[in-house]
Amino acid sequence: MRIDVVTIFPEYLHALRLSLVGKAVEGGVLALGVHDLRDWTTDRHHTVDDTPLGGGAGMVMKPDVWGRALEDVLALGVSHCGPEGRTVLAIPTPSGERLDQRRVEDLAGADHLVIACGRYEGIDSRVAEHYARRVEVLEYSIGDYVLNGGEAAALVLVEAVARLLPGVVGNPESLAEESHGAAGLLEYPVYTRPPLWRGLAVPDVLLSGHHARIARWRRDRALERTSARRPDMVAALTASQLERGDREVLTRLGWAATPAGPRPLAVRHATGDDVAHLAELAAETFPLACPDHLPAEDVAAFVRANLSPARFREYLADAGRYLVLVAELDGELAGYTLSVLPRAADEPPYAADVEAVVTVRPVAELSKIYVREAVHGSGISQALMDATLAALAARTVEGQPLVGVWLGTNARNRRAHTFYARTGWELVGTRHFTVGGRVEDDAVFLRRLVASPS
Ligand code: JFH
């Protein structure tokens, strides 16, 4: 590959003789030319700029000087790689397309790269327009900040392209890891010896030699960093880029791992504005957990009686008795929980047949935890559960912190059983539960709460 840079400050580009780029030139994979634009001026003062037509501040670089310079420099490419090579004229400008690794990889495939560094307010626009008819022209920016000229942006582009040329980066594994590693995520943090430096220890897992745990730890840190610093990159991930184990950490970071990829997830207290949506959501999700043999009209009657907008309004109006949390996914309700708190510290669970198996006091009931079926498996129920348990752990009844939460779930609902058992709930017994005149078997689970420090 050949790269030519045209500038009024050729010394600025001397840094390219150092390190990797210098090695690429010495190794012969890269030919690099740096040219002084003033060599193509024809006046005594070597003028390269003029006042902007139409008025305005500053000066603009003259197209005629640039035209003569680029004719000669483009010809160097033809001598070097023949007339059939791919030539790209790259022009740094604050108004260019943002340079990224994809574009750098594309440019590393060119035969001749010419970089035209402007100064002042930039180069007369007709230069880019004219050369676009003859070669590929790329007006690029290295970020949303304003430099005084294109030289620093030229250094950035040359260094980024040169390290992709064969044999430049000493260890090709480094490059392979970059492109196949945690695609679409920021890097995980790295450490070297000593294991303790100024009181800061290298995380134990990195010294454990346990490769699977190290990989999981690095993946978790990469997800954390990306979520904190580049949420746009997390939102751009597809479901197929997610690995087993990602869902849990994403949930903790405020994302649901939906079939469409990660989406922002917020769990909050329900408000009066939610009642219509809550009732819709409840009517949609409640039947999913009912056994097939339950008559549909019985299920509908239960929903009308207990899960109507009016009932949700009552739950919200009695905040001492009920806790309603909602999961908002991309601004829409995707799930909710309804918990019932005791009015007195020694009040038994209001379902009398649970008294025998749930003896801790004060105890609350997790009455409903439902998630829209289309986003089952996205970590939303986990986020709702975590938030509900945290909210209940912070509640007191007659000055006493809640000690436990119980829930009943249909004995045949395997999905629910697995979920509760996996998330720290203990199966403490069974009870009967009447829906539409039918007596159903419910499994009763209990979870102890640790009072949160207030
Ligand atoms: C460059 C320059 C100011 C005009 C509002 C924002 C810009 C140009 C040539 C690239 C990145 C550059 C860059 C690249 C080439 C040149 C200075 C100052 C304005 C209006 C234009 C001249 C700057 N990523 N940042 N800066 N300049 N203003």
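Being a predicted model, the structure only gives us computed values, none of them experimental. (Residues numbered from 1 in each chain as written. Predicted model: local features only at pLDDT ≥ 70, side-chain atom pairs only at ≥ 80, totals over all residues. Heavy atoms only, no water.)

**Q** Go over the sheet that holds strand β17 (residues 404–410) with me, naming the residues and quoting the values.
**A** Pairing is mixed in the open sheet, where eight strands are placed in the order β10-β11-β12-β13-β14-β17-β19-β18. The sheet terminates laterally at β10 (255–258) and β18 (426–435), the two strands that pair on one side only. Across this sheet, the average inter-strand angle for adjacent strands is 30°, counted without regard to direction. As paired strands, strand β12 (residues 322–329) and strand β13 (residues 332–340) are joined by eight bridges and run antiparallel to one another. Within β13, the residue paired with Ala-327 across the bridge is Gly-335. In the packing of helix α14 (residues 414–422) onto the sheet, the strands contacted are β14 (363–371), β17 and β19 (438–448), and the crossing angle to β17 comes to about 160°. (Pairing = 2+ DSSP bridges. Helix = DSSP H or I, 4+ residues; strand = E, 2+ residues; numbered from the N terminus. Axes fitted to C-alpha atoms, helices over the stretch in contact; angles between N-to-C directions. Contact = heavy atoms within 4.5 Å.)

**Q** Before we move on, could you go through the domain arrangement of the protein chain and cite the residues and values that matter?
**A** For an interface, size is often stated in terms of accessible area lost upon the parts coming together. By the assigned domains, the protein chain splits into domain 1 (2–170), domain 2 (196–261) and domain 3 (263–448). Residue-level contacts link eleven residues of domain 2 with 13 residues of domain 3. The contact between domain 2 and domain 3 buries some 960 Å² in all, and 51% of this surface belongs to carbon and sulfur atoms. Considering only the surface of domain 2 that becomes buried against domain 3, Arg-247, Thr-251 and Ala-256 emerge as the three largest contributors, covering 45% of it. At the junction of domain 2 and domain 3, the tally comes to zero salt bridges. Connecting domain 2 to domain 3 are seven residue pairs in polar contact (both at pLDDT 80 or more). Among the elements of the structure, α9 (246–252) and β10 are those that each provide at least two residues to the side of domain 2 that touches domain 3. Looking at which element gives the most residues to the side of domain 2 that touches domain 3, the answer is β10, with four residues. When the residues that make up the side of domain 2 that touches domain 3 are grouped by side-chain class, the tally is six nonpolar, four polar and one charged. (Domains from an automatic or database assignment. Buried area = accessible area lost by both parts, 1.4 Å probe. Salt bridge = Lys/Arg side-chain N within 4 Å of Asp/Glu carboxyl O. Polar contact = N/O pair within 3.5 Å; in protein donor to acceptor, adjacent residues only side chain to side chain. Nonpolar A, V, L, I, M, F, W, Y, C, P; charged D, E, K, R; others polar.)

**Q** Summarise the packing of helix α10 (residues 275–285) against helix α12 (residues 309–317); cite the residues concerned and give the values.
**A** When two helices pack together, their arrangement is given by the angle between the helix axes and the distance between those axes. Here α10 crosses α12 at 120°, and the two axes come no closer than 8 Å. One way to sum up the angle between α10 and α12 is to call them oblique. Our pair here, α10 against α12, has a crossing hand that is right-handed. Within the contact between the two elements, α10 uses Val-275, Leu-278, Ala-279 and Ala-282 and α12 uses Pro-309, Phe-312, Arg-313 and Leu-316. When its residues are assigned to classes, the contact of α10 with α12 shows seven nonpolar, no polar and one charged. (Parallel < 35°, antiparallel > 145°, perpendicular 65-115°, else oblique. Left-handed = near helix turned anticlockwise from the far one by under 90°.)

**Q** Please provide a residue-by-residue account of the site of the ligand, values included.
**A** Surveying the vicinity of the ligand reveals 17 residues, the closest of which are Ser-141, Ile-142, Gly-143, Tyr-145 and Leu-147. Contact distances for the ligand include 3.1 Å between a nitrogen atom and a side-chain N or O atom of Ser-141. At a separation of 2.7 Å, a nitrogen atom of the ligand approaches a polar backbone atom of Tyr-145. When residues in the shell around the ligand are grouped by element, the largest group, three residues, is from strand β5 (residues 87–98). (Near = heavy atom within 4 Å.)

**Q** Give me the sheet that holds strand β7 (residues 136–141): which residues, what numbers.
**A** Read from one edge to the other, the open sheet built from five strands follows the order β2-β1-β6-β5-β7, with strand pairing classed as parallel. Only two strands of the sheet have a single partner each, and these edge strands are β2 (31–36) and β7. Strand-to-strand, the axes of this sheet are offset by a mean angle of 25°, without reference to chain direction. As paired strands, strand β1 (residues 2–7) and strand β6 (residues 112–116) are joined by five bridges and run parallel to one another. By the bridge assignment, Val-5 is partnered in β6 with Ile-115.

**Q** Describe helix α13 (residues 380–393), naming the residues involved and giving the relevant values.
**A** Under the 1.5 Å per step criterion, the end-to-end length of α13 is 20 Å for 14 residues, consistent within 8% with the ideal 20 Å. All buried positions along α13 are accounted for by Ile-380, Ala-383, Leu-384, Met-385, Thr-388, Leu-389, Ala-391, Leu-392 and Ala-393. (Expected span 1.5 Å × (residues − 1). Buried < 20%, exposed > 50% of the residue type's maximum accessible area, 1.4 Å probe, protein only.)

**Q** Before we move on, can you summarise the nonpolar core with the specific residues and values?
**A** Formed by 32 residues in total, the largest nonpolar core has its most connected members in Ile-380, Met-385, Leu-392, Tyr-420 and Trp-425. Listing elements by their share of this core, those giving two or more residues are β12, β14, α13, β17, α14 and β19. Ranked by residues supplied to this core, first place goes to α13 with eight residues. When neighbours within four sequence positions are excluded, Tyr-420 is seen to be in contact with Ile-369, Met-385, Leu-407, Thr-409, Trp-425 and Phe-445. Grouped together as the second largest cluster of nonpolar side chains are 29 residues, Leu-30, Leu-113, Val-158 and Leu-165 included. (Core = buried A, V, L, I, M, F, W, Y, C linked by side-chain atoms within 4.5 Å.)

**Q** Any chance you could break down the pairing of β19 for me, citing the residues and the numbers?
**A** The side chains of a regular strand alternate, residue by residue, between the two faces of the sheet. Sheet analysis places β17 next to β19, joined by seven bridges and oriented antiparallel. Opposite Thr-409, over in β19, you have Ala-443 as the bridge partner. Relative to β19, β18 runs antiparallel, the two sharing nine bridges. Within β19, the residue paired with Glu-426 across the bridge is Leu-446. Between β18 and β19, which pair antiparallel and follow one another directly, the connecting turn spans two residues, one of which, Gly-436, has a positive phi of 60°.

**Q** Describe the pattern of salt bridges, naming the residues involved and giving the relevant values.
**A** By the definition in use, this model includes 26 salt bridges. Arg-119 is paired through a salt bridge with Glu-151; the nearest N and O atoms lie 2.9 Å apart. Placement of Arg-119 in the loop between β6 and α4 (126–131) and of Glu-151 in helix α5 (residues 151–162) is noted, with a sequence separation of 32 residues between them. Comparing Arg-119 with Glu-151 shows no difference in burial state: the two are buried. The partner of Arg-216 in a salt bridge is Asp-246, and the shortest N-O contact between them spans 2.9 Å. Separated by 30 residues along the polypeptide, Arg-216 in helix α7 (residues 211–229) and Asp-246 in helix α9 bring together distant segments of the chain. Looking at Asp-246, the relative accessible area reads 0%, which means it is buried. Taken together, the shared-partner salt bridges in this structure form one network comprising Arg-86, Glu-97, Arg-103, Asp-106 and Glu-136.

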